[in-house]
Amino acid sequence: MMEEEGGVLGNGREASGVRGDLPKKVAEYERFLNNRLKTDLQTLLDSRDLVYADIAEYLQLQRVLERLDAGTERKGVLKTMVDLGCNFYSQALVPDPQHMCVAVGFGVFVELTRSEALQFIEKKVAGLNKKAEELTAQACQVKARIRIVVEGLRELQFADLPTSPPHRPVW
């Protein structure tokens, strides 16, 4: 069922049609690479950066709470600087520094004692570290998929090049 003049094979495709589809396939894989995989990777990395920022804030709070005992003066009164916004600070006196409000997530603040806050921070940081590890593993998987697609693209693009003639001996 092969016509020699038209070059049509039995499956209805031209012999040169396989090579004609190659640029379409390459463009399709490039779109998938750029629109899906790279976007997914960037989203995962941004999420991981936010988790690391949360970890840094909780660790900073932990250091402040651990040093708070040294800063208390005159029967438990704490003199400190408070950020009013836009890096404008004002002096403040805290009459009872044993209780503080801690952000526990989703915009919720809970009043905790110093020891309760330190325990909460340890658990929260452990959970955030686990989440960061999961995001890192997912990012590695996406990077592996990107590598596979790039290698496939390279093979597709170089598959159309004519091979060099076999090596002839000089003698």
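Residues numbered from 1 in each chain as written. Predicted model: local features only at pLDDT ≥ 70, side-chain atom pairs only at ≥ 80, totals over all residues. Heavy atoms only, no water.

Engineer: With reference to specific residues and values, describe the overall build of the protein chain.
Structural biologist: When you go through the protein chain residue by residue, the secondary structure sums to two helices and five strands. Secondary structure elements of the protein chain occur, N-terminal to C-terminal, as α-β-β-β-β-β-α. Scored against the burial criterion, the 171 residues of the protein chain give a buried share of 17%. By sequence separation, contacts in the protein chain at least 24 residues apart represent 51% of the contacts at least 6 residues apart. Surface exposure of the protein chain reaches about 13600 Å², of which carbon and sulfur atoms provide 56%. (Helix = DSSP H or I, 4+ residues; strand = E, 2+ residues; numbered from the N terminus. Buried < 20%, exposed > 50% of the residue type's maximum accessible area, 1.4 Å probe, protein only. Contact = heavy atoms within 4.5 Å. Areas by Shrake-Rupley, 256 points an atom, 1.4 Å probe, with all protein chains shown as cover.)

Engineer: How would you explain a nonpolar patch on the surface if you had to name every residue and give the values?
Structural biologist: Taken together, the side chains of Val-82, Leu-84 and Phe-88 define a hydrophobic patch exposed on the protein surface, amounting to about 320 Å² of accessible area. Relative to the assigned elements, Leu-84 resides in strand S2 (residues 77-85). By relative accessible area, Leu-84 is classed as exposed at 63%. (Patch = residues over 30% accessible without salt bridge, like charges linked within 9 Å, V, L, I, M, F, W, Y side chains within 5 Å. Salt bridge = Lys/Arg side-chain N within 4 Å of Asp/Glu carboxyl O.)

Engineer: Account for unusual backbone geometry, naming residues and giving values.
Structural biologist: With a phi close to 55 degrees, Cys-86 is a non-glycine residue in the positive phi region. Structurally, the position occupied by Cys-86 is in the loop between S2 and strand S3 (88-94). At Phe-106, a residue that is not glycine, the phi angle is positive and equals roughly 55 degrees. With respect to the element layout, Phe-106 can be found in the loop between strand S4 (99-105) and strand S5 (108-113).

Engineer: I'd like a description of the pattern of salt bridges, backed by residues and values.
Structural biologist: Evaluation of the coordinates by the stated rule reveals three salt bridges. Taken together, the salt bridges that share partners define one network made up of Arg-147, Glu-151 and Arg-154.

Engineer: Describe the confidence of the model for the protein chain, with residues and values.
Structural biologist: Scored by pLDDT, the protein chain has a mean of 82; 77% of the residues are at 70 or more. Segment residues 1-16: pLDDT under 50, and 13 contacts once partners within four positions in sequence are set aside and those in other chains are kept. (pLDDT = per-residue confidence, 0-100.)

Engineer: Describe the layout of surface pockets, and please don't skip the residues or the numbers.
Structural biologist: The method is simple in principle: a probe with the dimensions of a water molecule rolls over the atoms, and the space it marks as empty is what remains. Taken as a whole, the largest pocket encloses approximately 720 Å³ of empty space. Lining the largest pocket are 23 residues; nearest its centre among them are Gln-60, Leu-61, Val-64, Leu-65 and Cys-101. The element contributing the most residues to the lining of the largest pocket is helix H1 (residues 17-71), with ten residues. (1 Å grid on protein atoms, 1.4 Å probe; cavity = no way out; pocket = protein on both sides within 12 Å on 5 of 7 lines; lining within 4 Å. Points joined across faces, edges and corners; volume = space filled by probe spheres on them.)

Engineer: I'd like a description of the pairing of S3, backed by residues and values.
Structural biologist: Where S2 and S3 come together, seven bridges link them in antiparallel fashion. Its bridge partner being in S3, Lys-79 is matched across the sheet by Leu-93. Where S2 folds back on S3, the antiparallel hairpin that results is connected by two residues, among which Cys-86 adopts a positive phi of roughly 55 degrees. (Pairing = 2+ DSSP bridges.)

Engineer: I'd like to hear about the environment of Lys-79, residue by residue, with values.
Structural biologist: Along the chain, Lys-79 falls in strand S2. Taking the relative accessible area as the measure of exposure, Lys-79 reaches 49% and is therefore partly exposed. Residues Lys-79 and Pro-97 lie 18 residues apart in sequence; the distance between their C-alpha atoms is 9.7 Å. Beyond its immediate chain neighbours, meaning those up to four positions away, Lys-79 contacts Gln-91, Ala-92 and Leu-93.

Engineer: Report on the nonpolar core, specifying residues and quantitative values.
Structural biologist: Leu-33, Val-51, Leu-65, Met-100, Ala-117 and Ile-146 are the most contacted members of the largest nonpolar core, which has 25 residues in total. Of all the elements in the fold, those that place two or more residues in this core are H1, S4 and helix H2 (114-159). At eleven residues, the largest contribution of residues to this core is made by H2. If near-sequence neighbours (up to four positions away) are discounted, Val-51 is found in contact with Leu-128, Lys-131, Ala-132 and Leu-135. (Core = buried A, V, L, I, M, F, W, Y, C linked by side-chain atoms within 4.5 Å.)

Engineer: I'd love a proper account of the environment of Phe-32, names of residues and values included.
Structural biologist: Relative to the helices and strands, Phe-32 is located in helix H1. A relative accessible area of 39% places Phe-32 in the partly exposed class. Expressed as a C-alpha distance, the spacing of Phe-32 and Ile-146, which sit 114 residues apart in the sequence, is 9.6 Å. Those residues within four positions of Phe-32 in sequence are excluded, and the remaining contacts are Leu-37 and Val-149.

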